[in-house]
Structures are given as structure tokens and as C-alpha cells.
Amino acid sequence: MIVGTAGHIDHGKTALVRALTGVDADRLAEEKARGITIDLGFAYADLGAGTVTGFVDVPGHEKFVHTMLAGAGGIDLALLVVAADDGIMPQTREHLAILDLLGIARGMVALTKSDLAEPARIADLTAEIAELLAPTGLAGAPLFPVSSVTGAGIDALRTALAEAEAQTVARATEARFRLAVDRSFTLAGAGTVVTGTVLSGRVATGDQVLVSPSGLAARVRGIHAQNRKAETGAAGQRCALNLAGEAITREAIHRGDVVLDPALHAPTQRIDVSLRVLETEPKPLATWFPARLHLGAAETGARIVPLEGPIAPGAEGLAQIVLDRPVAATFGQRFILRDNSARRTIGGGRLIDLRAPARRRARPERLALLRAMALAEPAQALAALAARQVIDLDAFARDRALAASGLDGAVSASGVAVIAGTRQALAPPQLDALRAAMAAELAAFHAENADLQGLGRERLRLKLEPRLPKEAFAALLRAETAAGRIALDGAFVRLPGHLPQLSGADEATLARILPRLAGEERFRPPRVRDFAQEFGLDEADLRRILRMAARQGRIDQIAQDHFFARATTTEMVAIIRDLAAQAPDGWFTAPAFRDRVQNGRKVAIQILDFFDRLGLTLRRGDLRRINPHRIDLFTPDGSEL
């Protein structure tokens, strides 16, 4: 369990921690000289529960509230300190507001310096504090009159803390690892060490991690958990990690960075949130309101954009926060907003969408989507989101720090349908509706264009809602083809029963030509004019017949005067794949292709230009390579060759 102190300056927080643990949390010479806590202090002790309780002693002075916030984000229990001689002071109220905004609902009150107050004074203060706590998450928190000088009440408080330690529920140890850094320093003989609270997951010696948002890679050389050497650290513990890496130095890692599982590294600079404004604010928060964001131990400038109109003092609403710099963040994480002059706390709330859009952010459908995203239970959020849009499961898991097992459980419990061969999901009714819309679009196209081969893949994708990403749509087409509900012809999609129709006479003409296109001359077939002269046919009429056959997917028009059998086109795709595989970097030349098909340079270039137009090959000067996203164009089931 991590206990965080809170309260006004000089109310005896550090002395109380020393009385409870025997450890002086003031570690800086300046702190000792001035008698106030400037930076975070830490102490550890077994209070009687058989486990180690960690204490984060935070500054109480107004100028150091930003430091207080760096330590408050990872605590399990708040210890609000009020001096009996002073009573409730400005920082008492501000610290309590911050604890409430951070969602901390477990706490105790230590009425320090009780030896300086009469019983009547203590009774009055007890009533005042209870009234102060009533509208917050700490309502009903027990109060302990104590004296760090005489020792009065210390044992009772220590016993209560030990009981709270025993009742503390383990945090999300099955999630992916995240540690919020509040200190970075160099230790002689060890190197760079960072300390912080493990927010989720586990870490072990030898693990590969990343420092976010910088993206520096590191290896965990050693761990101290709750001030003791350990092989692992877990969520809810304060840990010191000895990190090693090429760019890992004390100066390269800062307070506010997050050491995390590499799969979670995705810094963000624009976040949609649920924001509560404190009643103490003088006026509503309007668009582009400037503030300082405190997220974990990170602090940065921010602009606030309310999404449903200005947010009044004491009210809560959806907003977008645009940051001055990227931060490492996770869904559901609590944040605090303070004014730019760092004189007051404005409000706070919870992160919802870490990939917020800059445009159309306040449209009704977008707000409905945000409310679905805001659901804390992953399975419920998945189900609600999948009913409105396509879900990227890997991105969903990343932004919620879900491990593979957690995502699998959420997918199973939510009942979403995963598109075969992808990491994209939809609600089953939406997937069924998408299939039905696809069939309806194709049927309408065939009715209006009976002579055409089918509808272009990309054109079809853009017609359907919800709109799938290109890779997911290609996977859906393959699945629908395998199920027999559609057919793929090159770059076109059609219903299985649809074929452009040729007359009997046209079919007879085509039957004379097809053997020539599939024979030994298949890579250099005669041109249309050559066939017209050979068979005594009208060139324009013959070209019409061949184009109709191309729409049927039986042949391909490579150039104005050149048609190739579909089987030959497929064979040439295989040759291109082989050339690319043999090239060291995947880029092959036109002469290499020409030599394989034993064709002239002009026709070889026409063939390659044909594949360029379809997107099957990508060109860079005189070089080409395979486009992996379009390699399935000339396979009947949409799979790779």
C-alpha cells in the first residue's frame, strides 16, 4: 500500500511520517535548513501488517503543489494532515480538492499538534473537518488526534494504517507494465536509476522496456520494490529500476516520463476527457482556455476545448485537451488542471480517448461515441463501441494497457465479431448489415451496368458504412469470397452469378482468339490489328468483343492494342513476385522482367505499367517492387499466390 500525505505547509506531515516509520522523509539539505518539504520524500515501514507500507510525503506550500501532484497520482490511501493549532487552511482545501478529483476514496485524517489544543478545540475541529470532507470521496474518513512530539495517538493511527494495508486490494497486475517516473538519478556502480509507482502490470529483472514519450529503449538491470531488493515489481508498489541502454542517462529521463511495456508506447498530444470544474472557479471554462495539465508526474501546458458548451463552476462535461507536448497516457487515468500562474486548481477528471480528432469533435455522433468509450469495463466498452464503428483491437488494448489475456476475455465477453484474418471487430448486427449493404451495392451496380465486369474494390469500400480500413476490407472480401457470397475478378468485385454477356457470334469470334492468347505466344500475343487482319474481322468490332471478355475476367487489356489471357496475367504476377524475392531489397528492374517473359522492351514496359495502374507494383524511377496490400488482385479467392 502507498500512503500519500496531504495538507497545509508546516502542519507536521514530515514529522508525522517520521513518528510512524522512524524515517526522515526530508532528504534535501535545503529542506532541512528551511524546515519545509520542497520535493517528494519517501519512507517505508512495516506497520504491523507483515508487509511494507510506503509513504509519499508531499510539499504543502502553494509554490510546490505541482510537486505534490507528482506524488499523489499513485497512492492507495490519503493521509490528510491538519494541525490542531491552525485548523483548516487554504492548502488543506486545495489538497483535498485534488484528492477528490483524482478519485481517491480511501483516507484518514491526522489532527497533528493535538498537544497544543484543548479538548473543546479538537472537538470543534473534528466537526469542521467532517463537514469539509462530506461532499468528497473521503466523506466519513476516521480522524486521529496525534502528537509527533509526545507520541500521543501515534500507535492508534499506526494500527489503523496496518489494518488498511491488510484490506488493500491488489492493483491490475495482469495488465501491461507502466511505472510513472518521479525521480531520475545516477547511483555509483549501478548507473541510471528511476523511481516511481507501478501503475499497472509487473516488471522483472532482464525485461526490455521503453521510456515514453521519448521512446528510449532500456533493459531492467535491477529492482528495489518498497525499498527492498527484489526480482520483480508489481502494480501498487513503489519501485526503483536500474536501467541500462545505449541512450539511457539521468538527463535523458525526466519526472513525468513513464517506463512501460514497449507495446504501450504511443504518445499523445490531443485527448478527449471527462472534466469537472471546481466550484471555486470564477467563471465557466470556454474554448481554448489555457491551463497546466498534471498527469501522473507529468506537467505541461494545455488548451481546453469544451465539447458541449462552456463548463460552469461545479459542473462536469466532455472536453478536448490539446497539449503543448506529447505525453504517455492511458485510458481512465486521472488528471488535474491548474491555472497558468500555478496559483489555483481549476478542476480535473478522467482521460477517455487518447487519439482524439481535431475536426468534427463536437458532433452528436462523436459525443455518443465518447460516452461509449468512457465505459470503464473493457467488455462493455467494446460492445458499445462496436455497435457504432469498426474497432482496432490492438489499439483498444494498447490504450487501456490490456495484456493479451485481458483483451481476449473482453472480446469473448463483449460478443463482438472479429473480421477473419484481421484485428478489426464489429458488433454482429453491424457486420451482417455491412455484408447486406455490400450485396445490395453490387446488385444495383450490375443492374445499371450489365455489360461491366464488376465494381472496383476501392470504390465499393468507400460506398459502405461503417468504412473499413483498406487491409480489413481486403480481408473481408477474402472471407466473403470463400463463403461464396461475392467473387473477385482482378481489381473488381461482383456477385457470383454476374457475368457480362456476349452474343453467340461474339463468343464464336472469341473462341478463335483465346487459344492464341494462351499458347506459346502468351507473353507476346498478336495485337488486335493483327488478329483482325488474320481473321478478316473489323478491328473496332473485335476490340469491343475483347473488352467485353476483359470485363468478364477472362482476359486483361494490358494496353490499347494488347490483350492477355487471365491465366497469363496470373503467371506474370508470379514472375514479378519471384523477381522481387530474389532482389536484395525487393526492388527489381524492367529488363529483369523482360528477360523472364522473353518479350520486347516496349511490351514489357506496357505490362509493368498495367500493374502500376492497378497498384500491384510500386514504381521508383526505373525500379519497381510488390505492393503487399494488392498482391491478391489476380487470385480467385483473394488469397496470396
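Report on the accompanying structure. Source: prediction; values computed, not measured. By convention here, each chain's residues receive numbers from 1 onward along its written sequence. Reporting of local features is limited, given that this is a predicted model, to residues whose pLDDT is at least 70; pairs of side-chain atoms are given and counted only at 80 or more, and all residues count toward the totals for whole chains, interfaces and linings. Note: side-chain values were computed over all heavy atoms of the structure, leaving out hydrogens and water.

### Thoughts on the layout of surface pockets
We count it as follows: Points on a 1 Å grid, built from protein atoms alone, make a cavity when a 1.4 Å probe fits but cannot get out and make a pocket when they are open with protein on both sides within 12 Å along at least 5 of 7 lines; residues with an atom within 4 Å of a point are the lining residues. Grid points are joined across faces, edges and corners, and a volume is the space filled by probe spheres set on the points. Only runs of H or I of at least four residues qualify as helices and only runs of E of at least two qualify as strands under DSSP, and these elements are numbered from the N terminus. For this classification, Asp, Glu, Lys and Arg are treated as charged, while Ala, Val, Leu, Ile, Met, Phe, Trp, Tyr, Cys and Pro are nonpolar and the rest, including Gly, are polar.
The computed volume of the second largest pocket comes to approximately 570 Å³. For the second largest pocket, the lining is made up of 21 residues, of which Arg 93, Ala 97, Leu 278, Glu 279 and Thr 280 are closest to its centre. Top contributing element to the lining of the second largest pocket by residue count: helix 4 (residues 90-101), with eight residues. Looking at the lining of the second largest pocket, its residues break down into eight nonpolar, five polar and eight charged.

### Structural notes on the packing of aromatic side chains
Note the following rule: Ring pairs shown here join Phe, Tyr and Trp side chains whose ring centres sit within 6.5 Å, with only the six-membered ring taken for Trp; geometry is labelled stacked below 30 degrees between planes, edge-to-face above 60, and tilted in between. Classification of residues uses two cut-offs on accessible area relative to the type maximum, computed with a 1.4 Å probe and protein chains only: under 20% is buried, over 50% is exposed, and between them is partly exposed.
Per the stated rule, a full pass over the model turns up two aromatic pairs. With centroids separated by 6.1 Å and ring planes inclined at 5°, the aromatic side chains of Phe 531 and Phe 535 adopt a geometry described as stacked. Residue Phe 531 and its partner Phe 535 are both found in helix 15 (residues 528-535); the two are separated by four residues, about one turn of the helix. As far as the burial class goes, Phe 531 and Phe 535 line up, both buried. Judged by centre distance (5.3 Å) and plane angle (55°), the ring pair of Phe 610 and Phe 611 falls under tilted.

### Regarding the sheet that holds strand 17 (residues 289-295)
Cut-off, in case you're wondering: At least two bridges found by DSSP between two strands is the condition for calling them paired. All axes are obtained by fitting lines to C-alpha atoms, using only the stretch in contact for helices, and the reported angles, taken between N-to-C directions, cover 0 to 180 degrees. Should any heavy atoms of two residues lie within 4.5 Å, those residues are counted as being in contact.
Around the barrel, which closes on itself, the six strands sit in the order 16-19-18-17-20-21 with antiparallel pairing between neighbours. Between one strand and the next, the sheet's axes are offset by a mean angle of 40°, whatever the strand orientation. As defined by bridge partners, strand 16 (residues 268-277) adjoins strand 21 (residues 345-353) across six bridges and the pair is classed as antiparallel. Residue pairing across strands places Arg 276 opposite Gly 348, the latter belonging to strand 21. Against the sheet, helix 4 contacts strand 16, strand 20 (334-338) and strand 21, and its axis sits at roughly 10° relative to strand 21. Against the sheet, helix 7 (residues 364-373) makes contact with strand 16, strand 19 (316-327) and strand 21, and its axis sits at roughly 90° relative to strand 21, the strand it touches most.

### Section: the sheet that holds strand 22 (residues 391-392)
Read from one edge of the open sheet, three strands run 22-24-23, paired in antiparallel fashion. Of all strands in the sheet, those with a lone pairing partner are strand 22 and strand 23 (417-418), marking the two edges. Note: strand 23 against strand 24 (residues 424-426), two bridges, orientation antiparallel. Each bridged residue has a counterpart across the sheet, and for Ala 417 the counterpart in strand 24 is Leu 426.

### Overview of helix 6 (residues 154-167)
Rules: Helix span is expected to be 1.5 Å times the residue number reduced by one.
Taking 1.5 Å of rise per residue, the 14 residues of helix 6 would be expected to cover 20 Å, and the 20 Å separating its terminal C-alpha atoms lies within 8% of that figure. Ile 154, Leu 157, Ala 160, Leu 161, Ala 162, Ala 164 and Glu 165 are the residues of helix 6 that are buried. Packing partners of the buried residues in helix 6 comprise strand 1 (2-7), helix 1 (13-21), strand 3 (53-57), strand 4 (77-83), strand 5 (107-112) and strand 6 (143-145).

### Structural notes on empty space enclosed by the protein
Counted according to the given criterion, the structure contains five cavities of 30 Å³ or more. Approximately 70 Å³ is the volume attributed to the largest cavity. Lining the largest cavity we find Arg 178, Leu 199, Val 258, Leu 260, Leu 264, Ala 328, Ala 329, Thr 330, Gln 333, Arg 398 and Ala 401.

### Side note on helix 18 (residues 590-597)
We count it as follows: Along the arc lie the directions from the helix axis toward the C-beta atoms. N or O atoms within 3.5 Å of each other form a polar contact, as long as, within protein, one can give a hydrogen and the other can take it, and as long as residues adjacent in sequence are counted only when both atoms are side-chain atoms.
Those residues of helix 18 that sit buried are Ala 590, Phe 593 and Val 597. In an axial view of helix 18, the angular spread of the buried residues amounts to 65°, which keeps them on one side of the axis. One side-chain oxygen of the residue at the start of helix 18 lies 3.2 Å from the amide nitrogen of Ala 592, identifying that residue as Thr 589. One or two steps after helix 18, the chain reaches Gln 598, where phi turns positive at roughly 55°.

### With respect to unusual backbone geometry
At the junction of Ser 212 and Pro 213, the peptide bond is cis and its omega measures out at 15° in the coordinates. Within the secondary structure, Pro 213 is located in the loop between strand 10 (208-212) and strand 11 (216-225). Of note, Trp 288 is a non-glycine position whose phi angle comes to about 65°, a positive value. For Trp 288, the location among the structural elements is in the loop between strand 16 and strand 17. Judged by its relative accessible area of 39%, Trp 288 is partly exposed. For Arg 360, which is not glycine, the phi torsion reads 55° and is therefore positive. Among the residues examined, Arg 360 registers a relative accessible area of 58% and is labelled exposed.

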